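# Notes for the structure review
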Amino acid sequence: MTQQTPPPASRLQRILSYIVAALVIVSLVCIAAILIGTAAGQFAQQGSGQGIWPTVFFFPLVALPIAFVLIIVLLIVSAVRNRAANRSGDSRPGDSKGRR
């Protein structure tokens, strides 16, 4: 049995994966900031709508769904690329693939 190495990731796949990772990491940092701020008794200032707190509250609400959609896009791009690679690698002339 021969070992086939998968083709390297395309530029689009790398960019999508980095964007997803960045969105998730920043969202988790925002959630941690909210939890730490609440535990420190700063909840009144967080809900005041002043400073950076509105952004800290709003960012995970937007970024996590966007990251989820981008993960689905990344899966579709990977599936299409793998299907194209399989078709181009399996279409050898004279190979009937066991059909008679």
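Scroll up to find the structure.
Throughout what follows, the structure given in this document is the object of discussion. Computed from a predicted structure; not experimentally measured.

The helix and strand inventory of the chain stands at three helices and zero strands. Ordered by position in the sequence, the α and β elements of the chain form the string α-α-α. Going through the 100 residues of the chain one by one, you find that 16% of them count as buried. When contacts within the chain are restricted to residue pairs at least 6 apart in sequence, those whose partners lie at least 24 apart make up 69%. On the chain, roughly 8000 Å² of surface is accessible, and the fraction owed to carbon and sulfur atoms is 67%.

Our next topic: the nonpolar core. Formed by Leu16, Val20, Leu23, Ala63, Ala67, Leu70 and Leu74, the largest nonpolar core amounts to seven residues. Breaking this core down by element, the ones donating at least two residues are α1 (11-39) and α3 (53-90). At four residues, the largest contribution of residues to this core is made by α3. Other than its neighbours up to four places away in sequence, Leu16 contacts Leu70, Val73 and Leu74.

Along the polypeptide, Phe59 turns up in helix α3. In this structure Phe59 comes out as partly exposed when scored by relative accessible area, which is 27%. With 36 residues separating them along the chain, Phe59 and Leu23 place their C-alpha atoms 9.1 Å apart. Apart from the residues within four sequence positions on either side, Phe59 is in contact with Leu23, Val26, Ser27 and Cys30.

Taken together, the side chains of Phe68, Val69, Ile72, Val73, Ile76 and Val80 make up a nonpolar region of the molecular surface, amounting to roughly 530 Å² of accessible area. You can see Val69 is positioned in helix α3. Val69 sits in the partly exposed class, given a relative accessible area of 48%.

Definitions and cut-offs
- Residue positions are given per chain, counting from 1 as you read along its sequence in written order.
- Only residues with pLDDT of at least 70 are given local features in this predicted model, and only at 80 or more are side-chain atom pairs given and counted; all residues enter the totals for whole chains, interfaces and linings.
- Where side-chain values are given, they derive from all heavy atoms of the structure, hydrogens and water being excluded.
- Note on conventions: DSSP H or I runs of at least 4 residues are helices, E runs of at least 2 residues are strands, and numbering of each starts at the N terminus.
- To sort residues, take the accessible area from a 1.4 Å probe on protein chains only and compare it with the maximum for the residue type: under 20% means buried, over 50% means exposed, and anything in between is partly exposed.
- Residues count as neighbours in contact if any of their non-hydrogen atoms are within 4.5 Å of one another.
- For the area figures, the Shrake-Rupley method with a 1.4 Å probe applies, and any residue is considered shielded solely by the protein chains shown.
- We define a nonpolar core as any set of buried Ala, Val, Leu, Ile, Met, Phe, Trp, Tyr and Cys residues linked to one another through side-chain atoms lying within 4.5 Å.
- Nonpolar side chains (Val, Leu, Ile, Met, Phe, Trp, Tyr) within 5 Å and like charges within 9 Å form the patches, drawn only from residues with over 30% relative accessible area and no salt bridge.
- Basic side-chain nitrogens of Lys or Arg form a salt bridge, by our definition, when they fall within 4 Å of a carboxyl oxygen of Asp or Glu.

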